[in-house]
Amino acid sequence: MQRTGLLLAQALDDVEAARRALAHAQQVPWVSASADLYRAALADAAAAATAARAGVEAAVLPVAALDLAVVRGPGPGPGTRTWTW
Amino acid sequence: MTLAPEWGAGYSVVGGPGPTRADLDDLADAVDALERAAGRLDEASSALGVARRAAVDLLIPHHAEASAAVRALSAARDGASSPAHVAGRLRDLAARLRQVVRGYDEAESWVHRLVRSVLEVDASVAGSAGFGGIPVLVGRALVTLDGVALHAVSAALVSLRERDPGAVQDALVRDLEDAPGRLLADGRAEVAVDALAQYLLALGGRLGLPRRDAVPAVARLVAGLLPDAGPAVVLPRDHPPQLDAPRDPADLLRNVGATYGPGSPSSAPGTPDGAITIQRLDHPDGRRTWAVEIPGTETWAVNADSPTDATTNLRLMAGLPDDMSTAVVEAMRQAGIPPDEPVVLAGHSQGGMVAMKVAALTVGLVDVRAVVTAGSPDIPAPVPRGVATLHVRHGEDVVPQTDGEPDDGTSDTVVLRGRLRLSGDDGLPSLAEAHAVGAYVETVDRAWGQGLDASPRLRAFDDALTEVLGPDGTTATTLQFQATRDPDLVRTDPATGLARPDVLRPLLDAGVP
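The rules behind these values
Residues numbered from 1 in each chain as written. Chains lettered and ligands numbered in written order. Predicted model: local features only at pLDDT ≥ 70, side-chain atom pairs only at ≥ 80, totals over all residues. Helix = DSSP H or I, 4+ residues; strand = E, 2+ residues; numbered from the N terminus. Buried ≥ 20, exposed ≤ 12 C-beta atoms within 10 Å, placed from the backbone. Contact = placed C-beta atoms within 7 Å. Expected span 1.5 Å × (residues − 1). Arc of directions from axis to C-beta. Axes fitted to C-alpha atoms, helices over the stretch in contact; angles between N-to-C directions. Parallel < 35°, antiparallel > 145°, perpendicular 65-115°, else oblique. Nonpolar A, V, L, I, M, F, W, Y, C, P; charged D, E, K, R; others polar. Core = buried A, V, L, I, M, F, W, Y, C linked by C-beta atoms within 7 Å. Pairing = 2+ DSSP bridges. pLDDT = per-residue confidence, 0-100. Left-handed = near helix turned anticlockwise from the far one by under 90°.

## Some remarks on the overall build of chain A
Thought 1: The secondary structure content of chain A amounts to three helices and zero strands.
Thought 2: Residues counted as buried form 38% of the 85 residues belonging to chain A.
Thought 3: At a minimum sequence separation of 6, the contacts of chain A that also span at least 24 residues come to 72%.

Pasting the structure below:
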């Protein structure tokens, strides 16, 4: 089974690449009101991509905890008694 | 995320200050970048989906950790700011940007240029082979033309084979008037006119490389065959209608519409054919400026009583002296326009060609600051540098395409191309509807309403025009004149009842062969 953390890292990489492409798309030397609207739309899009990255980053800790649990092996099953001393 | 909803909707602008069509490459790169970004966001969404399924599979052995991971991955993948959501918006923006690039590119796409050269070469070869070469030209025309437009060109060629030039005009006018505008929206008519002109030149034994001035050359040939139109005079009109002071290009064109003769729905009551409107604009600060408004073709007859006829069209296209341009200059003289008061010239169709010609004729005599044309083809006499010029052209209108040349802008000249048919609209405009002055008024009204006047390409023109039209509070006094070749009016001055001592002579064009 593919580790969940690796998939999440790939998603983060893709979102970051999209953000870089959006930054590149804003570099249009065209000068006009329409171009200003275009750049404003791109800036909004870049902000939305940043929000998307924040959403993906919010999943990093839970996914890392899951991966760690998988590495440690299966946890106690239902009804199993755990002794501590 | 807010995307620009009006961006490029139905309009394209060529010319004006700033970068030119070379920047289309940059815009195309921007489209690619947006699509690349959308693609990567889709991949991110897909990876999140796989990760979530993997986490779901671990719910039984690691319930607590897997539940938290599934919740977090679901929020990242399906939330309001999810990668898939942003990707959709980016594709929407890319699609709109691509539409604008396409709109600009249509003015002279490489395909267009290729088709033009193929047709020009074929037309020359077909012409040199005599009328027997016609099928070659028609065959090639099939590649670019269809439906009614093809029929019109074919009918014209058949008429030529039968050596009946009058039928050429009839066939073209009859068939093209009812053709849906979409057949011409990509400039096919302009290419066809150019090819036809090349063909006619080659018929005269001038086989060689395609000429860039084929349309004016053919117009000169045909104009040379017409008999002299006779003298024309310019008469002042008593009690002309007092038209509103124009505030923008749409108002100017509205007044142009009111200057048409009785056959037009936009005509002011009592206005005769051949009318010329001149408005004296008195600004609140005491400055005085002028607006000259010129109607288009009012009769398709040659050498008609009104010089707004086919003869004037032909001579304007040929770059030859014409009666209507001369009449407008004479009307400006009679109105008392001094050399130091700014003037704007506006015209529809033929009137736009006349406005361009008058701007060229009156250099040094009148301070022409701006020219507005609607539905007018270019003519060989260019508007002088420094005169802010706006050409408004509908993509579906065949008339501006009869110059056989693609639209081109300069730092002074802006071409505003409007589309009558936007996606989602019902029906298509006929050519007559696409060419109507009323439709052009609506197009400019809509463009100015969308704030296009403030865009950098149009801002310089708008500033120059506003300087002439003046601020709020500017008042207009409307004068009107009638240009006519009516023999009775030419022989006798109706004001005095006396015979006229002489007649107008056409002004010679500087720099026009």
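## Things to note about the overall build of chain B
Thought 1: Along chain B, the regular secondary structure elements total 17 helices and nine strands.
Thought 2: Here the contacts in chain B between residues at least 6 apart in sequence split such that 74% fall between residues at least 24 apart.

## Digging into the environment of Gly-319 of chain B
Thought 1: The topology assignment puts Gly-319 of chain B in the loop between helix 11 (310–318) and helix 12 (323–335).
Thought 2: As a C-alpha pair, Gly-319 of chain B and Ala-219 of chain B span 100 residues in sequence and 8.6 Å in three-dimensional space.

## Overview of helix 15 (residues 437–449) of chain B
Residues spaced three or four apart along an α-helix point in a common direction, a consequence of the helix completing one turn every 3.6 residues.
Residues and elements named next belong to chain B.
Thought 1: The end-to-end C-alpha distance of helix 15, which contains 13 residues, comes to 18 Å, matching closely the 18 Å that a straight helix rising 1.5 Å per residue would cover.
Thought 2: Turning to helix 15, its buried residues are Val-437, Tyr-440, Val-441, Thr-443, Val-444 and Ala-447. Along helix 15, the residues classed as buried sweep out an arc of 165° about the axis, all on the same side.
Thought 3: Just past helix 15, the residue Gly-451 takes up positive phi, approximately 85°.

## Topic: unusual backbone geometry
Residue and element names in this part refer to chain B.
Thought 1: With phi around 50°, His-239 is a residue other than glycine that occupies positive phi space.
Thought 2: Along the chain, His-239 turns up in the loop between strand 2 (233–236) and helix 10 (249–258).
Thought 3: The phi torsion at Ser-349 lies on the positive side, around 60°, for a residue other than glycine.
Thought 4: Residue placement: Ser-349 occurs in the loop between strand 5 (342–348) and helix 13 (350–361).

## Here we look at the packing of helix 10 of chain B against helix 15 of chain B
All names here are of chain B.
Thought 1: In the contact formed by helix 10 and helix 15, the axes pass within 8 Å of each other and the chain directions differ by 170°. Regarding the angle of helix 10 to helix 15, the classification is roughly antiparallel. Between helix 10 and helix 15, the contacting residues are Pro-249, Ala-250, Leu-253, Arg-254, Val-256 and Gly-257 on the first element and Val-437, Gly-438, Tyr-440, Val-441, Val-444, Asp-445 and Trp-448 on the second.
Thought 2: Split into classes, the residues belonging to the contact of helix 10 with helix 15 amount to nine nonpolar, two polar and two charged.

## Remarks on helix 3 (residues 60–72) of chain A
Residues and elements named next belong to chain A.
Thought 1: Under the 1.5 Å per step criterion, the end-to-end length of helix 3 is 18 Å for 13 residues, consistent within 8% with the ideal 18 Å.
Thought 2: Residues Pro-62, Val-63, Leu-66 and Asp-67 constitute the buried set of helix 3. Around the axis of helix 3, the buried residues are gathered within 140° of arc, so they sit on the same side. Of the residues in helix 3, the exposed ones pointing more than 90 degrees away from the buried face are Leu-61, Leu-68, Val-71 and Arg-72.

## Describing the nonpolar core
Thought 1: Residues Leu-253, Val-328, Val-344 and Ala-346 of chain B are the most contacted members of the largest nonpolar core, which totals 77 residues.
Thought 2: Ranked by the residues each element gives to this core, the list is headed by helix 13 of chain B, at eight residues.
Thought 3: With near-sequence residues (within four places) excluded, Val-328 of chain B lies in contact with Ile-276, Val-292, Ile-294, Val-354 and Val-358 of chain B.
Thought 4: Judged by nonpolar contacts, the second largest core, of 46 residues, contains Ala-45 of chain A together with Leu-58, Ala-69 and Leu-73 of chain B.

## Some words on the environment of Asp-445 of chain B
All names here are of chain B.
Thought 1: As for its position among the elements, Asp-445 is in helix 15.
Thought 2: When the 16 C-beta atoms within 10 Å are taken as the criterion, Asp-445 is described as partly exposed.
Thought 3: Measuring from C-alpha to C-alpha, the distance between Asp-445 and Asp-248 comes to 8.7 Å, with 197 residues separating the pair along the chain.

## Let's talk about the pairing of strand 7 (residues 388–394) of chain B
Residue and element names in this part refer to chain B.
Thought 1: Within strand 7, seven of the seven residues are buried, which leaves the element mostly enclosed by the surrounding structure.
Thought 2: Judged by which residues are buried, strand 7 turns out to be covered on both faces: Ala-388, Leu-390, Val-392 and His-394 on one side and Thr-389, His-391 and Arg-393 on the other are all buried.
Thought 3: Pairing of strand 7 with strand 8 (residues 413–418), which is carried by six bridges, proceeds in the parallel orientation. For Thr-389, the partnering residue across the bridge sits in strand 8 and is Thr-413.

## Remarks on the confidence of the model for chain B
Residue and element names in this part refer to chain B.
Thought 1: Chain-level statistics for chain B give a pLDDT mean of 76 and a share of 68% at 70 or above.
Thought 2: Within chain B, the element-level pLDDT minimum falls on helix 5 (residues 134–144), averaging 43, and the maximum on strand 4 (residues 288–294), averaging 98.
Thought 3: Ignoring residues within four places in sequence, the model shows residues 1–8, a span with pLDDT below 50, making 23 contacts including any to other chains.
Thought 4: Contacts from residues 509–513, a stretch scored under 50 in pLDDT, to residues over four places away or in other chains number eight contacts.

## What to know about the environment of Ala-25 of chain A
Thought 1: For Ala-25 of chain A, the location among the structural elements is in helix 1 (residues 4–25).
Thought 2: Counting along the chain gives 17 residues from Ala-25 of chain A to Leu-42 of chain A, while the straight-line C-alpha distance between them is 7.6 Å.
Thought 3: Residues in contact with Ala-25 of chain A, not counting those within four places in the same chain, are Leu-42 of chain A together with Ala-30, Ala-33, Leu-34 and Ala-37 of chain B.

## Details of the packing of helix 11 of chain B against helix 13 of chain B
Residue and element names in this part refer to chain B.
Thought 1: Taken N-terminus to C-terminus, the directions of helix 11 and helix 13 make an angle of 45°; their axes are 10 Å apart at the nearest point. When the axes of helix 11 and helix 13 are compared, the pair comes out oblique. Once helix 11 is placed against helix 13, the crossing between them reads as left-handed. Listed contacts from helix 13 to Thr-312, Asn-313 and Leu-316 of helix 11 are Gln-350, Met-353, Val-354 and Lys-357.
Thought 2: By residue class, the composition of the contact of helix 11 with helix 13 is three nonpolar, three polar and one charged.

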